[in-house]
Amino acid sequence: MMGAKRNENGKTMHRVNGETLAQTTECRHDFLCLGGCCWEVCPAERSLGEDGVLLALCRRPWCPYLEASPDLNVCTCPTRKELHERHGV
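A few points on the structure. (Residues numbered from 1 in each chain as written. Predicted model: local features only at pLDDT ≥ 70, side-chain atom pairs only at ≥ 80, totals over all residues. Heavy atoms only, no water.)

Some words on the nonpolar core
Selection rule: Working definition of a nonpolar core: buried Ala, Val, Leu, Ile, Met, Phe, Trp, Tyr and Cys residues. They are joined through side-chain atoms within 4.5 Å. Accessibility here uses a 1.4 Å probe with only protein chains present; expressed as a share of the type maximum, an area under 20% marks a residue as buried, one over 50% as exposed, and anything in between as partly exposed.
Counting nine residues, the largest nonpolar core is built from C42, V53, L55, C58, C63, Y65, L66, C75 and C77. In terms of nonpolar packing, the next biggest core, distinct from the first, is built from six residues, C33, W39, V41 and L83 among them.

Now the structure itself:
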């Protein structure tokens, strides 16, 4: 695993553990969160440990990793969790 670097458009690209990527079996977005040219991840408020990441705002209500309620939006995506915990994204 390596840290972040920049792509040709100057956007930060993040690296995550290969095991984490393998666990992210329902990603419909081709892992654009790792540094796609125009992709913005849902902003995280804080980590919920093994339960995922509490989102400040959900940008993709159709995402299979979203667990939403009227008061909370939790992302359970393994890749998103690692991005937040290791890179502060």
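Considering the sheet that holds strand β3 (residues 44–47)
Going by this rule: Being paired, for any two strands, means DSSP has found at least two bridges between them. Strands are runs of DSSP state E lasting at least two residues, helices are runs of H or I lasting at least four, and both sets are numbered from the N terminus onward. Axes here mean lines fitted to C-alpha atoms, for a helix over just the part in contact, with angles spanning 0 to 180 degrees between N-to-C directions. Contacts are assigned to residue pairs that have any heavy atoms within 4.5 Å of one another.
In spatial order, the strands read β3-β4-β6-β5; together these four strands make up an open sheet with antiparallel pairing. A strand with exactly one partner marks an edge of an open sheet, and here the two such strands are β3 and β5 (66–68). For this sheet, the mean angle separating the axes of adjacent strands, direction not counted, is 30°. Sheet strands touched by helix α2 (residues 78–87): β3, β4 (53–55) and β6 (73–75). Its angle to β3, the strand with the most contacts, is close to 85°.

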